[in-house]
Amino acid sequence: MNNIERRDAQMPYISDGTIFEEQKKCRKILQKLNTVDRSDFDEIGKLVKELFGKSDGAFLNPPFYCDYGSHIEVGKNFFANYNCMIIDVAKVKIGDNCQMAPNVAIYTAGHPVHPDSRNTAYEYGIEVTIGDNVWLGGNTVIVPGVHIGSNTVIGAGSVVTKDIPDWVIAAGNPCKVIRRITEEDRKFYFRDREFDAEAWNHMEQMWKEK
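We now examine the overall build of the protein chain. Per the secondary structure count, the protein chain includes five helices and 21 strands. Here the protein chain has a C-alpha radius of gyration of 19 Å; the compact-globule value for 210 residues is 17 Å, and the two agree. Overall size of the protein chain, expressed as C-alpha extent along the three principal axes, is 60 × 40 × 25 Å. In the protein chain, the proportion of contacts linking residues at least 24 apart, taken out of those at least 6 apart, comes to 25%. Accessible surface computed for the protein chain: about 12,100 Å², of which carbon and sulfur atoms make up 52%.

Structure below.
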């Protein structure tokens with residue numbers, strides 16, 4: 001097997017010339033994306049689509065960093081805020097309506113723990129998956145192999161080292177489940193602050209039209 005095949009099979013591989021050639025394509029797009037006029041939303045959207053290869057309403061606020069771009073699969077209405085980093089050696093699969101606050105980092109790449117093994121230049125990538133309707137708070141870090149369930153919120157500053165289930169609020173280092181998200185949470189927009197009548201009526205109309 002060549003190193004691209006080994007990488008894509010989530011096996012140990014070495015970043016050789018063929019790997020760097022793939023990364024060059026990504027870096028050329030990132031160079032445009034990270035230097036584009038920040039008020040040119042249409043151009044940013046076009047570059048995001050070129051980077052990911054397939055997207056439906058995806059948008060991000062530059063700067064953004066990744067290794068390949070083509071290894072990132074995003075669902076509908078994906079949004080990433082400033083300074084997001086996705087080290088996509090392996091696949092990163094993200095569902096619909098996902099939001100990432102500033103400084104979110106998703107890592108699929110890793111290196112052997114023992115220095116003798118690590119110094120051979122062998123590395124690996126293990127995929128990360130994120131469900132639908134997930135919100136990752138600012139400065140969240142997700143490590144290789146993690147799966148985050150749908151309708152879940154990860155609190156700011158969390159380091160996610162293990163799988164997190166659906167419909168929960170989780171936070172901390174290491175990230176742990178704090179509580180379930182319930183129907184009661186629907187009426188609040190921040191802690192104990194409830195939506196006003198105007199906003200609530202608007203949202204009810206939006207839900208009916210779905």
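Now for the pairing of strand β6 (residues 84–87). Where strand β3 (residues 64–66) and β6 come together, three bridges link them in parallel fashion. Of the residues in β6, the one forming a bridge with Cys66 is Ile86. Inspection of the sheet shows β6 paired to strand β9 (residues 105–107) by three bridges, in the parallel sense. Bridged to Ile86 within β9 is Ile106.

Time to look at the packing of aromatic side chains. Per the counting criterion, the structure on display carries six aromatic pairs. Relative to Trp207, the ring of Trp200 lies with its centre 5.4 Å away and its plane at 80°, an arrangement referred to as edge-to-face. Here Trp200 falls in the partly exposed class, since its relative accessible area comes to 24%. Owing to a relative accessible area of 32%, Trp207 belongs among the partly exposed residues under this scheme. An aromatic cluster is defined as three or more aromatic residues linked by ring pairs; in this entry it consists of Tyr189, Phe195, Trp200 and Trp207. One cation-aromatic arrangement involves Arg7 over Tyr68; the distance from NZ or CZ to the ring centre is 4.7 Å.

Another point: the pairing of strand β11 (residues 122–125). Burial along β11 is one-sided: the face carrying Glu123 and Gly125 is buried and the face carrying Tyr122 and Tyr124 is not. Of the strand pairs in this sheet, strand β1 (residues 13–14) and β11 are connected by two bridges, and their pairing is antiparallel. Each bridged residue has a counterpart across the sheet, and for Ile14 the counterpart in β11 is Tyr122. Across two bridges, strand β10 (residues 109–110) lies against β11 in antiparallel orientation.

Definitions and limits used
- Residues numbered from 1 in each chain as written.
- Predicted model: local features only at pLDDT ≥ 70, side-chain atom pairs only at ≥ 80, totals over all residues.
- Heavy atoms only, no water.
- Helix = DSSP H or I, 4+ residues; strand = E, 2+ residues; numbered from the N terminus.
- Rg over C-alpha atoms; globule rule 2.2 N^0.38 Å.
- Contact = heavy atoms within 4.5 Å.
- Areas by Shrake-Rupley, 256 points an atom, 1.4 Å probe, with all protein chains shown as cover.
- Pairing = 2+ DSSP bridges.
- Phe/Tyr/Trp six-rings, centres within 6.5 Å; stacked < 30°, edge-to-face > 60°.
- Buried < 20%, exposed > 50% of the residue type's maximum accessible area, 1.4 Å probe, protein only.
- Lys NZ or Arg CZ within 6 Å of the ring centre and 35° of its normal.

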